[in-house]
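# Residue-level structural notes
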Amino acid sequence: MGKKTGTIAIVLAVIALCLSAVSLSMTLNSSKQQVQDGEEDKEDIQYVMYLGTNDKDSNEPVFSPEEAKSKVEEILIKHFGGYTIQEANGGWADDGKLYQEYTLVIYLSDTGIDQIHAAADEMVETFHQSSVLIQSNRTSTEFYSGK
């Protein structure tokens, strides 16, 4: 690499660094303006819990679907201010054998992983599970109440 080429590369690197700094400054100023205008950052983590209802050892249902939903609602209301539940059917194959079970899909926002784990501990015990699948989704939330 010649002396002239090296000098050009350094000048281009300095220009790129300056443009990055200007861009970052503009982004930060824009974010500050949004907060001042009342548009706060509404980023949140939505947790989705998948609770199977078959016994981990016998693979037989621990409760009827109605009882299972009632039991998990008791756990959720104790740990959280609100929740959303969907009913689903899960299935998997293991060693050529097909397994199926009634599954509850639970959506939770406005909470933290410690509270999620506390509820999951109770679900594992109550429903005699090996585990509860917990999914964390970065999202944006808003409680809209009209104009």
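Notes on the structure follow. Note that the coordinates shown come from a computational prediction; the quantities given were computed from them, not determined experimentally.

## Here's the deal with the overall build of the chain
Secondary structure summary: the chain contains three helices and four strands in total. If you list the helices and strands of the chain from N to C, you get α-β-α-β-β-α-β. Sequence separation of at least 24 residues holds for 69% of the intrachain contacts in the chain that already meet a minimum separation of 6. Accessible surface for the chain amounts to roughly 10,500 Å². Of this, 51% is attributable to carbon and sulfur atoms.

## Details of the pattern of salt bridges
Tallied over the entire structure, the rule returns three salt bridges. We note a salt bridge from Glu87 to Lys69, for which the minimum N-O separation is 4.0 Å. With Glu87 in strand 2 (residues 84-94) and Lys69 in helix 2 (residues 65-79), this residue pair connects regions lying 18 residues apart in the sequence. The exposure class of Glu87 is exposed, given its relative accessible area of 51%. Residue Lys78 pairs with Glu122 through a salt bridge whose shortest N-O separation is 2.8 Å. Residue Lys78 is located in helix 2, and its partner Glu122 is located in helix 3 (residues 113-126); the two are separated by 44 residues in the primary sequence.

## Concerning the environment of Thr53
Looking at the secondary structure, you find Thr53 in the loop between strand 1 (43-52) and helix 2. Between the alpha carbons of Thr53 and Gly90 there is a distance of 9.9 Å; along the sequence they are 37 residues apart. The residues contacting Thr53, other than those within four sequence positions of it, are Glu60, Pro61, Val62, Phe63, Ala68, Glu101, Tyr102, Leu104, Phe127 and Gln129.

## A few points about the layout of surface pockets
Of the voids in this model, the largest pocket is the one considered here, and its volume is about 260 Å³. Forming the boundary of the largest pocket are 15 residues, of which Gly52, Asn54, Trp92, Glu101 and Gln129 lie nearest the centre. Here the element with the most residues in the lining of the largest pocket is strand 2; it accounts for three residues. Residues belonging to the lining of the largest pocket are distributed by class as follows: three nonpolar, nine polar and three charged.

## Here we look at the packing of aromatic side chains
On inspection of all chains with the given rule, the structure shows two aromatic pairs. On the numbers, 5.4 Å between centres and 15 degrees between planes, the contact of Trp92 with Tyr99 is stacked. Owing to a relative accessible area of 18%, Tyr99 belongs among the buried residues under this scheme.

## Here's the deal with the packing of helix 2 against helix 3
Two numbers describe how helix 2 lies on helix 3: the axes approach to 10 Å, and their chain directions differ by 155 degrees. It follows from the interaxial angle that helix 2 and helix 3 lie roughly antiparallel. You can see that helix 2 and helix 3 cross each other, and the crossing is right-handed. In contact with Lys71, Val72, Ile75, Leu76, Lys78 and His79 of helix 2, helix 3 contributes Ala118, Ala119, Glu122, Met123 and Thr126. Across the contact of helix 2 with helix 3, the residue classes tally to six nonpolar, two polar and three charged.

## Observations regarding the nonpolar core
In terms of nonpolar packing, the biggest core is built from 20 residues, with Met49, Leu51, Val72, Leu76, Ile106 and Met123 touching the most fellow members. For this core, the secondary structure elements donating two or more residues are strand 1, helix 2, strand 3 (97-108) and helix 3. Look past the residues within four positions of Ile106 in its chain and what remains in contact with it is Tyr47, Val48, Met49, Leu51, Val72, Leu76, Thr84, Ile85 and Met123.

What counts, and at which threshold
Residues numbered from 1 in each chain as written. Predicted model: local features only at pLDDT ≥ 70, side-chain atom pairs only at ≥ 80, totals over all residues. Heavy atoms only, no water. Helix = DSSP H or I, 4+ residues; strand = E, 2+ residues; numbered from the N terminus. Contact = heavy atoms within 4.5 Å. Areas by Shrake-Rupley, 256 points an atom, 1.4 Å probe, with all protein chains shown as cover. Salt bridge = Lys/Arg side-chain N within 4 Å of Asp/Glu carboxyl O. Buried < 20%, exposed > 50% of the residue type's maximum accessible area, 1.4 Å probe, protein only. 1 Å grid on protein atoms, 1.4 Å probe; cavity = no way out; pocket = protein on both sides within 12 Å on 5 of 7 lines; lining within 4 Å. Points joined across faces, edges and corners; volume = space filled by probe spheres on them. Nonpolar A, V, L, I, M, F, W, Y, C, P; charged D, E, K, R; others polar. Phe/Tyr/Trp six-rings, centres within 6.5 Å; stacked < 30°, edge-to-face > 60°. Axes fitted to C-alpha atoms, helices over the stretch in contact; angles between N-to-C directions. Parallel < 35°, antiparallel > 145°, perpendicular 65-115°, else oblique. Left-handed = near helix turned anticlockwise from the far one by under 90°. Core = buried A, V, L, I, M, F, W, Y, C linked by side-chain atoms within 4.5 Å.

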